[in-house]
Amino acid sequence: MAQPLTFVLSVPETPEDHGPEPSPYDESEVHDSFYQLIQEQSQWVAEEGLELQQREPGPPETPGSGHQTLLGPEDPLVHSTATLRILASMPSRTIGRSRGAIISQYYNRTVRLRRRVSRPELRGVGRSARPSLRLYDLELDPVALEEEEKRFLLVKELQGLPVAQRDHVLRGMPLGLAEKRSLREESRTLTRKRRGRRGRRGLLPCCGRLRDACVLALHSLGLGLLSGLHALMPWRYALKRIGGQFGSSVLSYFLFLKTLLAFNALLLLPLLAFLVGVQAAFPPPASPGAVPAFTGLELLTGAGRFTHTVMYYGYYSNTTLNQPCVPPLDGGQCSREADGLPYNMPLAYLFTVGVAFFITCITLVYSMSHSFGESYRVGSTAGVHAVTVFCSWDHKVTQKRASRVQHDNIRTHLKELLAEWQLRQVPRSLCGRLRQVAVLGLVWLLCLGTALGCTVAVYAFSELMIKSPVSTEQEGALLALPTVVCVLNLGAPYLYRCLAALERHDSPVLEVYVAICRNLILKMVILGILCYHWLGRRVGVLKEQCWENFVGQELYRLMVLDFIFVLLDTLFGELVWRLISEKKLKREKPEFDIAGNVLELIYGQTLTWLGVLFSPLLPAIQIIKLLCLFYIKKTSLMANCQAPRRPWLASHMSTVFVSLLCFPSFLGAAVFLCYAVWQVRPSSTCGPFRTLDTMYEAGKVWVRRLEQAGPSVSWVPWIHRYLVENTFPVYLVSALLLAVIYLNIQVVKGQRRVMYLLKEQISNEGEDKIFLINKLHSVYERKERRAGRTQEAEQLAGDLDTW
Amino acid sequence: MGGSGSRLSKELLAEYQVRGTPVPGEFARGPALASGVPGRAAGRVRPPGGPLNPSRFAFQELTFLTKQEILLAHKRFCELLPQEHRSVEESLQIRVSLEQILSLPELKANPFKERICRVFSTSPARDSLSFEDFLDLLSVFSDTATPDIKSHYAFRIFDFDDDGTLNREDLSQLVNCLTGQGEDTRLSASEMKQLIDNILEESDIDRDGTINLSEFQHVISRSPDFASSFKIVL
């Protein structure tokens, strides 16, 4: 009878005055008493169930002490304090603070892990542990176990795991270091004992130990190498400083720049090894005519002195170089053949560029899919308020000023979110919406018109250049077309920015996407018309000359001028603008335009990929350019800019950047190169393919030669005949790919549905929980009252007796 | 940077060789005391036998840090200590007060700095950090820590009253930390109420008026930026 009273008393009055970390014992006491209470209650209810049933339909007539009404889910804040207290001591809530709960949770996880792994080592687990394991199923009855026992069980479970996995599990536990270490020590000592026992059995453990030792040594070697790499990691402090001062968003630009550097290095290495190095070692006979003197203008135009060097396609010979075969990409067969087959330059050229491109493609697709997996989760659309509040603080920020800026940003963002949310409750008027649509259409029309105008201008100018051929003396004139292109590329984005000020988008993210989209359209259209100009027009015009060299030089010029214009943009757009706005307009520093700068990087990378076939050293130049750009942008950023005021979804944005790099940029370059390799006739005076109809012929010739060589390599022609020349496999592969994508989409759809259902169920369970607790409370109330009444009656009787 | 790191590692090595194998139970005792179970862990741990290995404290195995990072952390931690306590053994024992840790530039500008230190502190009064606590902190905030453990500690940092759930008071304190504590920088009362209502509406799945750990982790899992922003680089 006294039990309910003790239960009420055993709950601490307020959770706050319970100390920072309530001891797990208190919790389990609460759990215990609650458990007993339920048991007792069920008996009691069984006895007097009739009364309860009568009362159930309607709300209780006498709401106990004023807060015992059953509450609906729509009003969750008015739970009685007692209900809240019980809720607070429920197992799901205690994981956040008590060690016992953490241990038991991880015990369950380890059990699951072990069951999944089910390694043969398990046989060695001490027999004594097994039955007790089965007895205590923590998922069923977490209350019954003391922390000590849970700990013991966890140690037992950890022993069942292999060492590496055990460390992994321990590392991921949210416990203190000393606690983790003692767990590790315990599980290790027991393992050692067990090992010792097993060691007596036979020779096998000896081999096992040797294997273990080898694996461990390899593991530590790998770790050492990794940490060495980590120490070599360049720019760690520069990146830390940028992150500390400007936050993750600006950091994402510099990380993207680093990624591009890696891509270029990956592209450059095979080219250097198999093309440039080999050709430089076996230089072709010097071309007739005097070598032009170095004037300095070459650095801008890429022509003149540079023309007949390893930099351009024209320098490479179409013969086989007298070199014993390096195990290179021109097929492993050569070394097996008689008299050490020499190095076939055309073939090496084709294959090296192809393989380098293929490697880049795979890396790019992999990093894109990885990035997509990171940044887009199933059902990740809802919950913007919660995500903003929980995830928006950037702990990397180390400067007081930057931290203040971040405070301001988050505050404005939260206010905007609330305002937006309220706006959404009240739909906008028809008139306002019409006006918005009109403005939007107009601005888009203007932007597309500008892009079209730029394209026409570039086309007209290129035609003009063809009509008035430049003599070799006036090399400077070669720079005219690239300059025009760069001016358009620089000017149009500013125009777009002015136009974007007219339209008011609902969300800042949408604004950024629209800006990226417009700039991208402009750049792609201009590059497209240039490609047409080179492959469609120049090839026809430059009949006697080496058109590949010309295209390579043109791309070199574009790249160098693009770099110069970026420098100018940094100087005027950032430095001078900062001076003006600080001194004259008394405004703050300008923001760093992340989207614009990233698009510049993507544009430069596209130029590199377009030119790699005609100028194999272009990636090297791009690497130098990126290195310079890193330091220049960093300096300019530190001096002239402030962190962007808009909140910026850094990881979504980097996903978008990588996809843009993959989709229009890399794919466009690949299409351009494929067209050049398969369809365009190479010039007949220079380059490795000078005698052939198309560059691809080199491969065909090689296959034909292999066919004659004999049956030992017959699989190569076979592959060529059935897989490359026949179009059916291509269709098959694409159809399979489409099917896989479709299936994936369907699976995701199904998962979303299941998630929705589960969420619904959880919310129902929560209601049930509260309902049950309230029910119990009302039952107790009555029991208490009855006890009080009987006591009163007894007292009364006693009083009467005394009377 | 690399020079001092290697010098430090040599020092550590030399120290180990001079002192031989100490009892690791000494290191395990502090947290055990803090959690109210005196001497339990200390009694169980046995000194490791066999030859001496430098990674005897298993810092690398038990944290997400690389060797370089651990050495760097040790160096930074020693800089906080008075000159006479900077020997390796002593630096592993001694505790540094909250004020000193908070003076680190990496934490100085962080509005959650006090909460972070309190969550990672294992001393009974939650007001000082040992080197191991410091390593724990850095491990959770490192690059390679799993999102799971990051979100767990984020939850504990945001749970200002340490009651295991985020209730309305916790949320309003959290928002105040985010927007700045000053009177003029706070959200107005109505805005705050609206915001907290929206947060609960979005993330309180079981509708009990508070956000518990799993609900919190559910929200966090939807934000890929969390793992990249929940980082402290030493």
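From a predicted model like this one, the values you see are computed outputs, not experimental measurements.

Draft legend 1. Summary view of the overall build of chain A. Within chain A, the regular secondary structure consists of 26 helices and two strands. Relative to its full complement of 803 residues, chain A shows a buried share of 45%. A sequence separation of at least 24 residues applies to 78% of the contacts in chain A between residues at least 6 apart. Carbon and sulfur atoms form 65% of the exposed surface of chain A, whose accessible area is close to 42600 Å².

Draft legend 2. Layout of the overall build of chain B. When its secondary structure is counted, chain B shows 15 helices and two strands. Taken over 234 residues, chain B has a buried fraction of 58%. By sequence separation, contacts in chain B at least 24 residues apart represent 58% of the contacts at least 6 residues apart. Within the structure as shown, chain B displays about 9100 Å² of accessible surface, and the carbon and sulfur contribution to it stands at 53%.

Draft legend 3. View of a nonpolar patch on the surface. On the surface, W715(A), W718(A), I719(A), Y722(A), L723(A) and V724(A) cluster together into a nonpolar patch covering about 610 Å² of accessible area. With respect to the helices, strands and loops of the structure, W718(A) is situated in helix 25 (residues 715-725).

Draft legend 4. How the structure looks around the nonpolar core. Residues Y253(A), F256(A), L275(A), L530(A), W534(A), L613(A) and F614(A) are the most contacted members of the largest nonpolar core, which totals 120 residues. Per-element tally for this core: the top contributor is helix 12 (residues 236-281) of chain A, with 19 residues. Dropping the residues within four chain positions of it, L275(A) is found in contact with P270(A), Y316(A), M345(A), A348(A), Y349(A), T352(A) and V353(A). In terms of nonpolar packing, the next biggest core, distinct from the first, is built from 87 residues, F59(B), I101(B), L129(B) and A154(B) among them.

Draft legend 5. Region of the structure containing the interface of chain B and chain A. Facing the 92 residues of chain B at the interface are 88 residues of chain A. Between chain B and chain A, a total of about 8200 Å² is buried, with carbon and sulfur atoms accounting for 58% of that surface. In this assembly, chain B and chain A are joined by three salt bridges. Residue E132(B) pairs with R181(A) through a salt bridge whose shortest N-O separation is 2.9 Å. Split by residue class, the side of chain B that touches chain A holds 45 nonpolar, 23 polar and 24 charged.

Draft legend 6. Examining helix 14 (residues 213-221) of chain B more closely. Considered for burial, the residues of helix 14 of chain B that qualify are L213(B), E215(B), F216(B), V219(B) and I220(B). What you see down the axis of helix 14 of chain B is that its buried residues fit within an arc of 165°, all on one side. As for helix 14 of chain B, its buried residues are in contact with helix 15 (384-391) of chain A together with helix 11 (147-158), helix 13 (189-203) and helix 15 (225-229) of chain B.

Draft legend 7. Quick peek at the packing of aromatic side chains. Residues and elements named next belong to chain A. Taken as a whole, this structure holds 33 aromatic pairs over all chains when the rule is applied. Ring geometry for F254 versus F630: centroids 5.4 Å apart, planes at 85°, classification edge-to-face. Of this pair, F254 sits in helix 12 while F630 sits in helix 22 (residues 618-640), and the two are 376 residues apart along the sequence. The residues F254 and F630 share a single accessibility class, namely buried.

Draft legend 8. Structural view of the environment of V250(A). Inspection of the secondary structure puts V250(A) in helix 12. Residues V250(A) and I594(A), spaced 344 residues apart in sequence, show a C-alpha to C-alpha distance of 6.5 Å.

Draft legend 9. Geometry of unusual backbone geometry. Residue and element names in this part refer to chain B. Of note, the phi angle at R126 is positive, near 60°, even though the residue is not glycine. Residue placement: R126 occurs in the loop between helix 9 (113-120) and strand 2 (128-130). Unlike most non-glycine residues, D162 shows phi in positive territory, near 55°. What makes D162 buried here is its relative accessible area of 16%.

Draft legend 10. Highlighting helix 13 of chain B. For helix 13 of chain B, spanning 15 residues, the distance from its first C-alpha to its last is 21 Å, which sits close to the expected 21 Å at 1.5 Å a residue. Taken residue by residue, helix 13 of chain B has M192(B), L195(B), I196(B), N198(B), I199(B), L200(B) and S203(B) as its buried positions. Residues of helix 13 of chain B that are buried in the fold lie against helix 15 and helix 16 (400-425) of chain A together with helix 12 (168-179) and helix 14 of chain B.

Criteria and thresholds
Residues numbered from 1 in each chain as written. Chains lettered and ligands numbered in written order. Predicted model: local features only at pLDDT ≥ 70, side-chain atom pairs only at ≥ 80, totals over all residues. Heavy atoms only, no water. Helix = DSSP H or I, 4+ residues; strand = E, 2+ residues; numbered from the N terminus. Buried < 20%, exposed > 50% of the residue type's maximum accessible area, 1.4 Å probe, protein only. Contact = heavy atoms within 4.5 Å. Areas by Shrake-Rupley, 256 points an atom, 1.4 Å probe, with all protein chains shown as cover. Patch = residues over 30% accessible without salt bridge, like charges linked within 9 Å, V, L, I, M, F, W, Y side chains within 5 Å. Salt bridge = Lys/Arg side-chain N within 4 Å of Asp/Glu carboxyl O. Core = buried A, V, L, I, M, F, W, Y, C linked by side-chain atoms within 4.5 Å. Buried area = accessible area lost by both parts, 1.4 Å probe. Nonpolar A, V, L, I, M, F, W, Y, C, P; charged D, E, K, R; others polar. Arc of directions from axis to C-beta. Phe/Tyr/Trp six-rings, centres within 6.5 Å; stacked < 30°, edge-to-face > 60°. Expected span 1.5 Å × (residues − 1).

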